[in-house]
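# Commentary on secondary and tertiary structure
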Amino acid sequence: MAEPGTIVVPATSGRLTRTCALDDRVSRLRHVSGQRLAALERMGVRTVRDLFLHLPRRYLDFSHVVPIAHADVGQEATVVGRIDRVELKRPRPRLPIVEVFVMDDTGVLRASFFKQPWLKDAFSEGDTVALSGKVTFAYGFKQMASPFHEVLGPNETGGYSRVVPVHPVSEGLTPAWMRRIASCAVADFSDVCDFLPASLVAARGLMGWGAAVRAAHFPSSLDEAERARRRLAYDELLCLQLVLRARHALEGAGRPGFSHTVDGPHVAALLDALPFNLTGEQRAAVDDILADMASPRPMNRLLLGDVGTGKTAVASVAMAACADSGTQCAVMAPTSVLARQYAEKTGPVLDAAGVTWRLLTGSTPADERASVTEGVASGEVSVLFGTTAILSEDVRFCDLSLAVVDEQHRFGVNQRTGLKGKGEAADVLTMTATPIPRTLALSVYGDVCVSSIRERPHPGAGTTTTVVPPESLDIAFGAIREEVAAGHQAYVVCPLVDDADDGSELDDVPEGPERTLKSARAAYEELSRSVFPDLSVGLIHGRMAPAEKDATMAAFRDGAVDVLVSTTVIEVGVDVPNACAMLVYDADRFGLATLHQLRGRVGRGTVAGRVFLETSSKRGTPARKRLSALERSTDGLELAELDLRLRHEGDVLGYRQSGAATLALVDLAEDGDLVEAAHGDALALVEASPDLSAPGLGPLAHEVEERFTLYFKDGGGA
């Protein structure tokens, strides 16, 4: 019988019988050396396990290949033929087109590839190639524009009644070589002991692990490939859920939490000092948080609330509970602008409740900083608002019992852990205005209790959203002029800081056309000189010094600036009720969640907001359809669900940080049942055996640790 976590290679494979752990280096596989080994490692494929989980990104279904003559115009089709001719044309200086003429026994088809001149050398006359795409007809030929293509090897040219995988590859490794490596690995090492308990596999109707690996890489049908993917996706979800819970258990091991006083005079005074009565959802969130804080177990709660739902008011009640308990609270915001706004908005309420507070940012003067740190160290300061400046070594709390992190996905793993580490088993409350669908919350925040607020205590006058092409920008400019003439203000948002930027930090939205994107500095120059020369135009972006940003934002809040040109630095939390108009350049380069956050900056007062989304995307394109959804809906959760269907979960959350949890095999929009199943199964497994030491769980524990080693080394989390 095989040892847990090992793969037994049968003697019938033609190679020596031996055992190979899943975490063995990929260099032990056949055909893996030199450039191919380097290419695999660049893609993160370093072990046998990595290779098995490096699934094809697409399949060519040769069981549905049609002759060229029978490929219906206007329909998607897959054809296979011999390359007769390859031509590189340049009808315009910056428009290279590679044309490939493919023949079979029934006819000829022309495939055109735009702006990919290197494909001229990727195709050779006489090669057998598979093309998949929409068939059109022009100039006497059936055609495909930029079809998916694959040059087939000599053993893939006959009898197309099978499914051919197309794996992601890198420079130095072709899809054909990737197929060969995967084929050998599956043949040699796929007889694996399943790390899931057999009862769980049977209860969920899952494929066995070895069978799933074979079917995922070399399926007999697309249905079988999907069944295999779902088994591997379930594994990914279950392991992530288990590691999050294990990490949470490790962090609290041996350190009982602090039981706060949650019905003291400061809490009562703060509730009276709030300028509005809590809504039902706010009250429920407060009850959740206070119940957690009263418990001896450390709190780990996520507060979800769309723009303007009053999350800060809810969090302020928790701050007052710290004052009643004689302990301290730290509130860390992602920007100095937001940290200062906390001080300005929440500070007076805390003052009325008798709760002491201070503000600390990177631009705090040295003498003031010394005063703040002294007050924090002595316990005189109950609540400290700030940026990552709070994490500095000279900031030492007397007794930190609550860490509040706003827009937590904007901070690195070590930053969040560092803040919590300034207290002994401190409670943690994280907040975000990014709407997160339930499936995403369960998967990425599986170890966190979630409270949600959707009802706004002050709904505001509302906002209308309009998509405009570049030639209609005068509509947006006119609206901005109207608002300023009425005594209001406006934002102009750009995707880049400077023209020299390459846009690598933008949301990954590839549907938009290639073009030069608008930078904040260029827009500032154009608007202040040509479009609004008679208005006061300001500029703010993330590369400015903190003091400069604070001064610019203060001038805008005070009304000294009519039009503020900005990057997405204003996306989170900025509250200027007098701002009623917004123009977003190159809006198709942002995700729906980001755009929804941005437009939440206007229409917050008594005057309706007007938002204009500029885009060069044509009607009917995926990018334009996404933006049209913003015209139709103001429901952040509905938009987040749509965003999740179009993009990766990390992009919806807005993080790109190293060590963050990402789900490579899971389709959160379609795998909701798997998310629910894995969440429930993880709870049951941990309840039965918190450290997965029960008989039969050893292989699963090993798999969890191998997949998510970073979580144990770096204190990681989603």
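As shown above, the structure is provided for reference.
Residues numbered from 1 in each chain as written. Predicted model: local features only at pLDDT ≥ 70, side-chain atom pairs only at ≥ 80, totals over all residues. Heavy atoms only, no water.

### So, the environment of His167
The condition is simple: Starting at the N terminus, helices and strands are each numbered in turn, a helix being any DSSP run of H or I of at least four residues and a strand any DSSP run of E of at least two. Contacts are residue-level and defined by heavy atoms, with any inter-residue pair within 4.5 Å sufficient. Any pair of N or O atoms that falls within 3.5 Å is considered a polar contact. Within protein, one atom must be able to donate a hydrogen and the other to accept it, and sequence-neighbouring residues count only if both atoms are side-chain atoms.
Here His167 lies in the loop between strand E11 (163–166) and helix H4 (175–189). Separated by 12 residues in the primary sequence, His167 and Arg179 place their C-alpha atoms 7.2 Å from one another. Excluding residues that lie within four positions of it along the chain, His167 makes contacts with His54, Leu55, Pro56, Arg57, Met178, Arg179, Ala182 and His217. Separated by 3.0 Å, the side chains of His167 and His217 make a polar contact.

### Remarks on the packing of aromatic side chains
Here is the rule we go by: Each pair of aromatic rings taken from Phe, Tyr and Trp, with Trp reduced to its six-membered ring, is defined by centres within 6.5 Å and is described as stacked if the planes are under 30 degrees apart, edge-to-face if over 60, and tilted in the remaining cases. Partly exposed describes any residue whose relative accessible area lies between the buried limit of under 20% and the exposed limit of over 50%, with all areas from a 1.4 Å probe on protein chains only and scaled to the type maximum. Counted as over-ring charges are cases with an Arg CZ or a Lys NZ within 6 Å of the ring centre that also lie within 35 degrees of the ring normal.
All chains considered together, the criterion is met by eight aromatic pairs. Both rings, one in Phe52 and one in Trp209, keep their centres 6.0 Å apart while their planes meet at 70°; by these two values the pair is edge-to-face. Of this pair, Phe52 sits in helix H2 (residues 48–52) while Trp209 sits in helix H6 (residues 209–217), and the two are 157 residues apart along the sequence. Under the relative-accessibility criterion, Phe52 is labelled buried at 1%. Between the aromatic rings of Tyr342 and Phe385, the centroid separation amounts to 5.9 Å while the plane-to-plane angle is 10°, which identifies the pairing as stacked. Taken together, the residues Tyr342 in helix H11 (residues 336–352) and Phe385 in strand E15 (residues 383–386) connect sequence positions 43 residues apart. Taken together through their ring pairs, the aromatic side chains of Phe52, Phe195 and Trp209 make up a single cluster. Taking NZ or CZ as reference, Arg36 lies 3.9 Å from the ring centre of Trp177, over its face. The ring of Tyr585 has Lys518 lying over it, and the distance from NZ or CZ to the ring centre is 5.2 Å.

### A closer look at the sheet that holds strand E23 (residues 579–584)
Under the convention used in this document: Only when DSSP finds a minimum of two bridges between them are two strands counted as paired. Interaxial angles span 0 to 180 degrees and are taken between N-to-C directions of axes, which are lines fitted to C-alpha atoms, for helices over the stretch in contact.
Taken in spatial order, the six strands line up as E19-E24-E23-E20-E22-E21 in an open sheet, and their pairing is parallel. Each edge of the open sheet carries a strand with a single partner, namely strand E19 (463–468) and strand E21 (537–540). Averaged over all adjacent pairs, the angle separating strand axes in this sheet is 20°, with direction ignored. Strand direction decides the pairing type here: E21 and strand E22 (residues 563–566), joined by four bridges, are parallel. Note on E22: the bridge partner recorded for Ile540 is Ser566. With respect to the sheet, helix H16 (residues 520–531) is in contact with strand E20 (489–493), E21 and E22, its orientation differing from that of E21 by roughly 175°.

That is the geometry; function is a separate question.
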